[in-house]
Every structure is written in structure tokens, then in C-alpha cells.
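Fold and contact review
Here are the chains, one letter per residue:
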Amino acid sequence: MKEFNANSITKKSNFILNIIFMIYTLFCLVPLILALIVSFTDENIINTYGYSFFPRKLSFASYQYVLLNGRAIINAYGITIFNTVVGTFLSLIVIALFAYPISRKEFKYRYFFTFLVFFTMLFSGGMVPWYLVCTQVLHLKDTIWAMIIPYLMNGWYVIIMRTFFATTIPDSIVEAAKIDGAGDFKTFMVIVLPLAKPVLATVGLFITLTYWNDFWLPMMLINKDGLLSLQYTMVKIQTNIAYLTQINSAAGGGNVAGVIAAIPTETVRMAMAVMAIGPIVIAYPFFQKYFVKGLTIGAVKG
Amino acid sequence: MWMVVNYVPRVKKPVNKFSALIRDIVQHKALYIMLLPGLALILLLSYLPMLGALVAFKDFKYLGNNFFENFMLSKWVGFTNFEFFLKGPDTWLITRNTIGYNLAFIILGNIIAITFSLGLNELLNKKVGRFYQSAMLLPYFLSWIVMSYLFYGFLSVDRGILNVQILQPLGIKTISWYSDTTWWPLILIAANVLKYAGYNSIIYLATLTGIDEELYEAAILDGATKWQQIVNITLPLLSNVIIILLLFSVGRIFVADLGLFYYVPMLSGPLFSVTQVLDTYVYRALMNSGDIGMSSAAGLYQSMIGFILVLLANFAVRKIDPDKALF
């Protein structure tokens, strides 16, 4: 039963609002739907009639190709999954470990270390010296770690986590653990981390997205075909559709000349977009839940 | 009682700051060890590049075996790189593009986001509202490269929906989207709004739902219309959040989204005049021309001005609401 509310908008305004939101919602969803449909369209139909929401002939050829011959694409998917899983895990550890000491009042130099991390959010040396350090000091170029290490530490997430530790975890619990003889590290592992699950989930979600969606690091630091992530393979194909053929023949995919010619490039291209979007859509309810929580956690002053 | 437990007898006063630090490290060994991985990462990946930004004042050459040798052996050239960059034919264009686009993103993006949040707050059917929110937030989770593929579905010259399904059947001359500059300012702004408006409107909505209902009830008793309530209650209460978000985006006005400007136009050369921004310029100078001196000068020019703008923005925020300032 709907409660009567004198301050509700009129039916007419409600109708207009709904129309506006429906149009905008379509703008957000229709491009995804188009990609999905194109990926299931027959390649020849596309070459003759262009993309369509109502294709004359459906086909699974693109996914068939990816599964059977697209060794390079499968490999890229594997790299993306590896980067995302390992990166998120390591990043959460590094960030939580840094955030805990600077959240403790008994830690004398907490302001200094907070400032040290905070300043990195305000100023940077720019892309070029960063690139020089990565390639000439850390020698990350063309290693898998090039796509993981640079995102491990993030000032903003450190501040969010520090604020959570400082405001949500009761001092009395930490003190009690110390009286029981637990050291700082044990207190952190046994008492603090289990209480910090909400902030770990939220920050973890953002980090997962960063790694999953990243094309910036491979763009800067990866040149080797075997190390291309999914997003970066999409970058390469966007600039040169023939690249799809190259990498797959190099990876031992379609090495028969006839097979190479038959790659359904148009549909495979969109199938890759679908593969990149798919996991995000599937995990979406979870994402949204922690995302909104994250907004309120992040709203706490740093 | 726990004060007794925490009591640490002082043997002697610390002689200086350094020995105080050593004492603290010994006392809180575990805390310092926990800091180490993150500390190493920011020293190497943030602070070392800050020092390395000095290459902007050098004629950087690969003369040695590693970065330090290269750095030491390269000649100091003062502001030559900056002069070279600032006198370049494109400098004005890319600065104008960067600032112009960011201003459009900020103004249009926020107007749309605020309008949406007000609308979402008033919808009669909250369930439908939640569906709209979910749909609007989705583009925020997609990368620019994925977005560029989705746009390609509509803009492709010989296959895209706009040309093939809309313009051709209507008998209108098709547009070569990826070489005609006319529409790109609009497309880039639309792309940016599409990606971030949903996200921003949810931030605003979070503030709106926190507004005390009693304020509105009092206004209704006074006979205020819906519109009057929005103007006199909602917007003033939202204004702090709006101003703060605006100021911080102004602080980032010199930073352009490389993914948006590089990949959504598919790196198309004919579009450079409307798609070239600072970030794409630096990237191209570094990766395509390998011009370390000039690209680092351009990068430092960008981050110095960005830094000053962030400081100014924060100063302004502190004037408005000290609690909301970052520092």
C-alpha cells in the first residue's frame, strides 16, 4: 500500500521524468546491446548490410573462432585475469599494511608518513620520468609485473583505509589485544583485518576494476605479443584490424592460410568487447552494493 | 589501569631527532615493517620520478648503462626544452583543447548530474529509480577502450548504425565520422558525460537523501511549491557539495583523459586539431618521437600548473567549508 504523501510530484511530472530517464538509460544500455548482437551476427551479413540491431542471420562463428583458433585472445584473457587477481590481492595487502600504522595514535610519525603518501596525490613528476624509472631503474619493460607493480600503491585508497581504521575500529579492542600480549602485527591480522571487511571489499572492488580495465600500463611498458592483456589487445586491433590475424598466426592459431583469411574480424572484435564487459555485468549487483558503500566511506574526510 | 601497563620508563632523553626516530623504530618494529612495502613503492614510483623530472632541464641521452648514469652524463640545458615546447606550433591548441574540454565536461556534466539526482529523488516509483541508477552507473565501470568499440558500432563509416541504419535510409549524406572534425567536440563531450554523469548523480543523490524531511514539511505548511522547495531548500543544502566537487575538478583542469582523447577517436590523424590534448601530446612525443627532453618539459609544465591549481582549489574550499578541504 502506497502511503499518501502530500509533497509527491504530480503524475504528469513523474511521467515526464520517467521519459527522460528512459531515454538516458537507453543511451547507456543500447551500445552494449549492439555489441552483443554484432558479436552474434553473421560476418557476411555485416560486410553487406552493416551493423544492425535485427541482423538477418545469426552466427556463433566469432566465439567459435575465439575458442578454437583465437589462442592469442585466450592468452590475453588469461593475462588479464592473472593481473587482476594477483594485482588486487597484493595491492590490498600493501595498502592495508601501510594504512594501519598511520591510523594508530601511538605511532609517533604517523603524520609524516600520511603526508608522504598524500603528496603523491597532489604532485607527480609526469609521465616521462616515471617511464624512465620503470624502464631503466626497475627494468619492468616487457615483464608481467609491469602491469601489476605500478598500481599496487594508491594514495587515495590508503587515505580511505586509514580513515576507516581510525574511526571504525574501537581503540579499546586494540588495547585489549595488546594487554593480552599480542604484538602490533598479530593485532592487525587477528583483530583489525576481520573488522575491516567492508572497506577491504570496497577498495578491493575499485582495484579490481583498475586492473581489469587497464590498458595504460601495457601501452607504456609492454611490447611483447605474448604479454598482451585483453584491453591492450583491443587497443592493438583498433589501430590495426590485421593485428588479429598476425598475433593468432604467431601464437600458432589459424596457421593454415585459408583459416587466416576466414577470421570473422568484425564480429570477433565485438566479441572481445563482450568478453571484456561480461564479467563486469555479471558481478554488477555486487559492484553496485559496495560501490555505494564506498561513496559513504570515501566521504569521510581524509 | 592500562596506563600502568603502557608505562615505559624513560632511560634518558633523546639526543636529537634521529635518535628519537631510531628509538621509535625499535619500539614499534612491527609498524615500521608494515610500512615498508608501500613506502618502497611510493619512493620508487612517485618520488624518484619527481627527482627525475629534472630531465626536463637536460638534453637527455642514453650515454650510460642505467638511468643514473644517463642522467649524470646528459648535459644541462636550462629552459631550452620548455622554450622548444612553448614555442611549438601546437602548444596553444593543445592547451586550449585541454582546458576547453575540461570546462565543458565540468559544466555540462554537473548540470546533468545534479538534474538527474533531483529527478531520481522525486520519482514516485523507487524501484524503477533504482533500475535507472544501475543503468546510468554501468558506463562508469567500462574502460575507454571498450567505450571506443561501442562508439565504433555507431560511428563506423561503412557499417555503423548512424550511417547505415539512420542517415542512408533517410536519404541524408553519410558522414565520415573518423575524419570529419565537425562533430568531435560534441562526441567527446557526450562520451565523457555518458561515462561520468551517472556516477556523479549518485554522489549528489547520497547527499540529497540525507536532507532532513522536516525542512520540507515545514516548507509545505508555509505553502511552498515543489519548485520553491528545490530552489530554497535542496539546492542551498547541495551547494557545498557542488562547489567542492567543482573546485576539485577545476584543480584537475589541466589533466586530460588519455583513453578518451586517444582511443575514442581511434587515433585518427585528421581529427588531431580537435582531439589533441596535453596528455596525448606528451605520450606521442615520448613514444613516437622519443623526445625525452621536450616531452618531459611538457609533462612538467602540466603537473606544475596542475599542482598550483589544486592548491588554489583547496584554498578556496577551505574558505567555504574548512571541514571539506583536503588539507
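Residues numbered from 1 in each chain as written. Chains lettered and ligands numbered in written order. Predicted model: local features only at pLDDT ≥ 70, side-chain atom pairs only at ≥ 80, totals over all residues.

1. Remarks on the overall build of chain A
Worth spelling out the cut-off: Elements are defined by DSSP. Helices are runs of H or I of four residues or more, strands are runs of E of two residues or more, and each kind is numbered from the N terminus. Field definition: a residue is buried when 20 or more other C-beta atoms are found within 10 Å of its C-beta, exposed when 12 or fewer are, and partly exposed for counts in between, with C-beta atoms placed from the backbone. For the purpose of contact definition, each residue receives a C-beta atom placed from its backbone, and two residues are in contact when these atoms lie within 7 Å.
Within chain A, the regular secondary structure consists of 16 helices and zero strands. Burial statistics for chain A: of 302 residues in total, 44% are counted as buried. Here the contacts in chain A between residues at least 6 apart in sequence split such that 71% fall between residues at least 24 apart.

2. Focus on the overall build of chain B
Applied cut-off: Only the C-alpha atoms count toward the radius of gyration. The rule for a globule is 2.2 Å times the residue count to the power 0.38.
When you go through chain B residue by residue, the secondary structure sums to 16 helices and two strands. Here chain B has a C-alpha radius of gyration of 27 Å; the compact-globule value for 327 residues is 20 Å, and the former is much larger. Counting only C-alpha atoms, chain B reaches 85 × 65 × 30 Å along its principal axes. Within chain B, counting contacts between residues at least 6 apart in sequence, those at least 24 apart form 66% of the total.

3. Focus: unusual backbone geometry
All names here are of chain B. At Met266, a residue that is not glycine, the phi angle is positive and equals roughly 55 degrees. On the basis of neighbour counts, which here come to 18 C-beta atoms within 10 Å, the residue Met266 falls in the partly exposed class. The phi dihedral of Leu267 falls on the positive side, at around 55 degrees, and the residue is not glycine. Relative to the elements of secondary structure, Leu267 occurs in the loop between α13 (258-263) and α14 (272-275).

4. So, the interface of chain B and chain A
Which entries qualify depends on this criterion: Classification convention: Asp, Glu, Lys, Arg as charged; Ala, Val, Leu, Ile, Met, Phe, Trp, Tyr, Cys, Pro as nonpolar; all other residues, Gly among them, as polar.
Listed as interface residues are 75 residues of chain B and, on the opposing side, 81 residues of chain A. When residues in the side of chain B that touches chain A are grouped by element, the largest group, 15 residues, is from helix α3 (residues 29-52) of chain B. Looking at the side of chain B that touches chain A residue by residue, the classes come out as 51 nonpolar, 18 polar and six charged.

5. Details of the environment of A:Leu132
Note that A:Leu132 resides in helix α6 (residues 127-137). Under the C-beta neighbour-count criterion, A:Leu132 is labelled buried, with 23 such atoms within 10 Å. Each residue touching A:Leu132, except ones within four places of it in the same chain, is listed here: B:Gly52, B:Val55 and B:Phe67.

6. Quick look at the packing of helix α6 (residues 91-122) of chain B against helix α10 (residues 184-208) of chain B
Residue and element names in this part refer to chain B. This is how the line gets drawn: Axis geometry follows a simple rule: fit a line to the C-alpha atoms, using only the stretch in contact for helices, then measure angles between N-to-C directions, giving values from 0 to 180 degrees. Here the word oblique covers every angle except those under 35 degrees (roughly parallel), over 145 (roughly antiparallel) and from 65 to 115 (roughly perpendicular). For any helix crossing, the convention is left-handed if the near helix is rotated counterclockwise from the far helix by under a right angle, and right-handed if that rotation is clockwise.
Between α6 and α10, the shortest axis-to-axis distance is 7 Å and the interhelical angle comes to 45 degrees. Of the possible angle classes, the one that applies to α6 and α10 is oblique. Of the two possible hands of crossing, α6 and α10 adopt the one that is right-handed.

7. Some remarks on the domain arrangement of chain B
Residues and elements named next belong to chain B. Note the threshold: Delimitation of the domains relies on an automatic or database domain assignment.
Segmenting chain B into domains produces domain 1 (2-42 + 58-83) and domain 2 (88-324). Here domain 1 and domain 2 have C-alpha centroids that lie 38 Å from each other. Every contact between the two is made by five residues of domain 1 and, on the other side, five residues of domain 2. Of all the secondary-structure elements, those providing two or more residues to the side of domain 1 that touches domain 2 are β1 (58-59) and α5 (80-86).

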